[in-house]
Each structure stands twice: as C-alpha cells, then as structure tokens.
Amino acid sequence: MTVGAESAAAQFSARVAAVRARITSSGADALVVTHQPNIRYLSGHSGSAGILVVSHDALALLLDGRYREAARRLLEEGLAPDGLEVVDVPASYDSATLAYVGERHLRRVAVEGDYLPVGRFRWFERMSAGDGRTGPLWQPVAGLVEGVRTVKDVAEQESLRRSARGLTAVAEAAFRFVREGVTERDVAGVIEAAMRASGFEKPAFDTIVASGPNGALPHYRAGDRKLASGDLVVLDFGGVMDGYCSDITRTVALGPPGMEARRVYGAVLRAQQAAIGQVAPGRTAEEIDAAARAVLAADGLGEAFSHGTGHGIGLEVHEAPRVGRAVEGSAPAELMAGMVFTVEPGAYLPGWGGVRIEDDVMVTGVGCEVLTDVPRELLVL
Ligand code: GLY
Ligand code: MN
Ligand code: MN
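Residues numbered from 1 in each chain as written. Chains lettered and ligands numbered in written order. Predicted model: local features only at pLDDT ≥ 70, side-chain atom pairs only at ≥ 80, totals over all residues. Heavy atoms only, no water.

Caption draft 1: Local environment of helix H11 (residues 285–298). Compared with the 20 Å implied by 1.5 Å per residue over 14 residues, the 20 Å span of H11 between its first and last C-alpha is a close match. Here H11 has its buried residues at Ala285, Glu286, Ile288, Asp289, Ala291, Ala292, Arg293, Val295 and Leu296. Structurally, H11 contributes buried residues whose contacts are with helix H10 (259–278), strand E16 (319–323) and strand E18 (346–349). Of the residues one or two after H11, Gly300 is the one with positive phi, at around 75°. (Helix = DSSP H or I, 4+ residues; strand = E, 2+ residues; numbered from the N terminus. Expected span 1.5 Å × (residues − 1). Buried < 20%, exposed > 50% of the residue type's maximum accessible area, 1.4 Å probe, protein only. Contact = heavy atoms within 4.5 Å.)

Caption draft 2: Highlighting the packing of aromatic side chains. In the structure shown here, the tally under the stated rule is 2 aromatic pairs. Within the aromatic cluster, the residues linked to one another by ring pairs are Trp123, Phe124 and Trp138. (Phe/Tyr/Trp six-rings, centres within 6.5 Å; stacked < 30°, edge-to-face > 60°.)

Caption draft 3: Representation of the side chain of Ser159 within the structure. Structurally, the position occupied by Ser159 is in helix H7 (residues 154–165). Those residues in contact with Ser159 that lie beyond four places of it in its chain are Asp242 and Tyr244.

Caption draft 4: Layout of the sheet that holds strand E10 (residues 208–211). If you walk across this open sheet you meet the 4 strands as E10-E11-E14-E22, and the pairing is mixed. Pairing within the sheet leaves two strands with one partner each, and these edge strands are E10 and strand E22 (379–380). Two elements, strand E14 (residues 248–253) and E22, share 2 bridges in a ladder whose sense is parallel. If you follow Ala253 over to E22, its bridge partner there is Val380. Seen against the sheet, helix H8 (residues 167–177) touches strand E11 (232–237), E14 and E22 and runs at an angle of roughly 150° to E11. Packing against the sheet, helix H9 (residues 184–197) makes contact with E10 and E11, and its axis sits at approximately 150° to E10. (Pairing = 2+ DSSP bridges. Axes fitted to C-alpha atoms, helices over the stretch in contact; angles between N-to-C directions.)

Caption draft 5: A look at the side chain of Glu319. Looking at where Glu319 falls in the secondary structure, it is placed in strand E16. A polar contact of 3.4 Å, which involves the side chain of Glu319, links it to the backbone nitrogen of Leu315. At 3.0 Å, the side chain of Glu319 forms a polar contact with the backbone nitrogen of Glu316. (Polar contact = N/O pair within 3.5 Å; in protein donor to acceptor, adjacent residues only side chain to side chain.)

Caption draft 6: How the structure looks around the coordination of the manganese ion (ligand 3). Looking at the manganese ion (ligand 3), one finds its protein donor set to be Asp247 (OD), His311 (NE2), Glu344 (OE) and Glu358 (OE), positioned 2.1 to 2.2 Å from the metal centre. For the manganese ion (ligand 3), the 6 donor atoms are set out with angles of 53 to 156° between them, so the coordination reads as irregular. In the primary structure, the donors to the manganese ion (ligand 3) are separated according to the pattern D-x63-H-x32-E-x13-E. For the pair the manganese ion (ligand 3) and the manganese ion (ligand 2), the metal-to-metal distance amounts to 3.3 Å, and Asp247 bridges them. Of this pair, Asp247 sits in the loop between strand E13 (244–245) and E14 while Glu344 sits in the loop between strand E17 (340–343) and E18, placing them 97 residues apart in sequence. Across this residue pair, the class does not change: Asp247 and Glu344 are buried. (Donors = N, O, S within 2.8 Å, 3.2 Å for Na, K, Ca; no water. Tetrahedral: all angles 85-135°; square planar, octahedral: opposite > 155°, others 65-115°.)

Caption draft 7: Focus on the coordination of the manganese ion (ligand 2). Looking at the metal site, the manganese ion (ligand 2) is ligated by Asp236 (OD), Asp236 (OD), Asp247 (OD) and Glu358 (OE), spaced 2.0 to 2.6 Å from it. Mapping the donors of the manganese ion (ligand 2) onto the primary sequence yields the spacing D-x10-D-x110-E.

Caption draft 8: How the structure looks around the site of ligand 1. What surrounds ligand 1 is the set Phe205, His219, Asp236, Asp247, His311, His318, Glu344 and Glu358. One of the side-chain nitrogen or oxygen atoms of Asp247 is found 3.1 Å away from an oxygen atom of ligand 1. One nitrogen or oxygen atom from the side chain of His318 is found 2.7 Å from an oxygen atom belonging to ligand 1. Contact with the protein chains removes 95% of the 200 Å² of surface that ligand 1 exposes when unbound. Across the shell around ligand 1, the residue classes tally to 1 nonpolar, 3 polar and 4 charged. (Near = heavy atom within 4 Å. Areas by Shrake-Rupley, 256 points an atom, 1.4 Å probe, with all protein chains shown as cover. Nonpolar A, V, L, I, M, F, W, Y, C, P; charged D, E, K, R; others polar.)

Caption draft 9: Examining the sheet that holds strand E4 (residues 84–88) more closely. Pairing is mixed across the open sheet formed by 6 strands, whose spatial order is E4-E3-E2-E1-E5-E8. The sheet terminates laterally at E4 and strand E8 (137–141), the two strands that pair on one side only. Neighbouring strand axes in the sheet, compared pairwise and without regard to direction, differ in orientation by 25° on average. Across 3 bridges, strand E1 (residues 30–33) lies against strand E5 (residues 108–112) in parallel orientation. Looking at the pairing, Leu31 lines up with Ala110 of E5. Contacting strand E2 (51–55), E5 and E8, helix H5 (residues 118–128) runs over the sheet at an angle of about 160° to E8.

Caption draft 10: Examining unusual backbone geometry more closely. A cis amide bond, omega 0°, links Ala320 with the succeeding residue Pro321. For His105, which is not glycine, the phi dihedral falls at a positive 55°. Note that His105 resides in the loop between helix H4 (93–103) and E5. The backbone of Asp242 shows a phi angle near 55°, a positive value even though the residue is not glycine.

In structure tokens form, the structure reads like this:
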C-alpha cells in the first residue's frame, strides 16, 4: 500500500456503502454502472471503458485487456474500495455483464437509465426473457450514484479547492496577454498553456474567448477575431486537476469601457453577488437562480439573461445540482453542505456583446465558501 492508500480505500468504500443503501431502497439486487464518472467515483478506475456491478455482497469491475495492468496497480496500491474484484471481459462488455449477473443469481438488476442506450437495454431484456429464458428483470433507474456524488466528501472538497485556486494564476496569465490586435484563439492558447503550467491535466471544456459582439453568444468558443479597443472580452475557462473540474468566467474591458458596458457589468455583478449571498444549506437551487434573475430583471436585463445561473461541478464540468428555473416533474434541489456549483449570471445583447461573471462555490454548514479567487471588479486592460 502507498501512503494515504488506507484513507483512499476507506473513502471509496464509504461511497460504495452509500450507493448500496440506495440500491436497497430501489428494491434492486444490484446496479450496473456504465457512466464513466460514476465508475471512477466508486472504484478509482479512470479508463474510458469498464462496467462496475455493485451488489449487496460484491463489487465487480469488468475490464478488457487494455486496462488489466492499470487495475492491478490500483489494487496493489490499495487505491480502490475494499473487496473490489476485477472480472475479465474477453469479448463484449454486455455479454460479460450478462454472464456475471447470471453467475451471481442477481434477479432485479438496475441500470443507469440516463446513460445506457435503449438498444443495449433492450438487448439485456431480450437475452433474459422469452424463448423459455427466465433471466433477471432489468430496471432503469436514475441518479442512484449522482445523488451521492452531489455532496462532495472531504477528499473531493480538497481536490475542488485546488482546482479552483489553480485558476488564479491562469487568469493572471490571460490578463497579462490580452491586448489589442491578438486574436481570440491566441488568448485561448495562452490560457490553455497556463493551465498545463499550473498543474492541470487538461482543460475542463473548450476555452471561450468571446470579444466585442461575439460576447453575445454565451457558448461561443474562440475564433479569428482580433481584439480591439473598446471591446468587452468574455474569458470562460476551467481545468481538470486530480480529476476534478473548475470553471470560471471573467469579462474584461480593452480600453476605457463605455456607459453601457459599465451599466451591464454592474448589473451582472450585483446579480452574482445576490445569488452567492443566498447560498446556504436548506435553500433550493431555484432560489439561487431566482435571486440572480430578479436583479437582472429589475435592470431591464431579464430577457438578456438567457441561461441558468449555474451547475454542479465535480468529476464532470456539468453535473447536479442544476441551478436554474424549476423544471416540471422535478423536485426542487435542496442545497446541502458539501455541494459545489458555479454561479454565473450573464447578460447578452445581440450586436453589442455580453458580460458573464462566474465563480465556483461550496455550500458550508452556514453559507458558502467561494473557491475561485480572482477579483470581480471590471478589469480595464
Ligand atoms: N463554460 C461552460 C460553462 O460555464 O458552463
Ligand atoms: Mn464557464
Ligand atoms: Mn459554468
């Protein structure tokens, strides 16, 4: 075992135990985990293929030959949950899963309905019933692992803090580089190089550098436009560190900003502060969204705020909780200590440009901790 392995193993085992409790509540004998971030969360296996079968008395990681050595190392170093067994996949993952479920006499098998393609689900059903077969009952479920993942454990909180803090140096590098005449793509290149230099494994998503009128497109990427004096420039970037994502946006001014730029920036900043000020356990994600929306609406920018206020971050850059308007048929997401999400209101005015300000926050016992650490006042470069 390597140093820290004992606590890593305990952390994984606690996650598995929490998921087992939810499997019990769902009435299933086992859950077949096919969503890669969920597999990584529960087993430590970070390869791009694999299936994890969590049952009440066993934990099997089904892997093909490409991952055998990586799995052996995880087990040898103790960086995996207690009792993890690696099962060889000689040909097809789904055949191996079907065989494993049969051998263990699992009767009600839950699958991740949000991720398993319908065609594969029907294959499991077809191979289990009809023609005299009396195989297991396959049952799509939603959110069994995600419901646990939403509240970050101590190890995850530390990784998310490191990931968010790492963006400070990246922002500084971007601000030093932004000037008239460089292209959006040049700026994105500098941001991504600074991420690697700061210890990030990779960007968490395609870096957005949206200058001048391009700022009106919330999910613009970075193009050939040259930055010009008088532009507002939306810089939205994030990285993956220890597997955990961070996500920040700053909007900067190139040369003295005009009245409208100051007005819109001020409104978005107040909206963000109002939303962050509401974050506390017991509040709902919808209330956080409403707080930001109310400020922008009061400034006549309600229509200009065309997306949700934020999203959870963790092993994925977009995960639960969704911080947006209430959705019909979905229960309101109640905030709990340990949840981590972005707060990123914006205002987008076609033909003119846009402003977005985004930070990452963690819900604490009484309020929240802002994880990202970059000044939020309008920076004039
Ligand atoms: N860059 C994507 C986002 O902020 O969610
Ligand atoms: Mn972002
Ligand atoms: Mn975001």
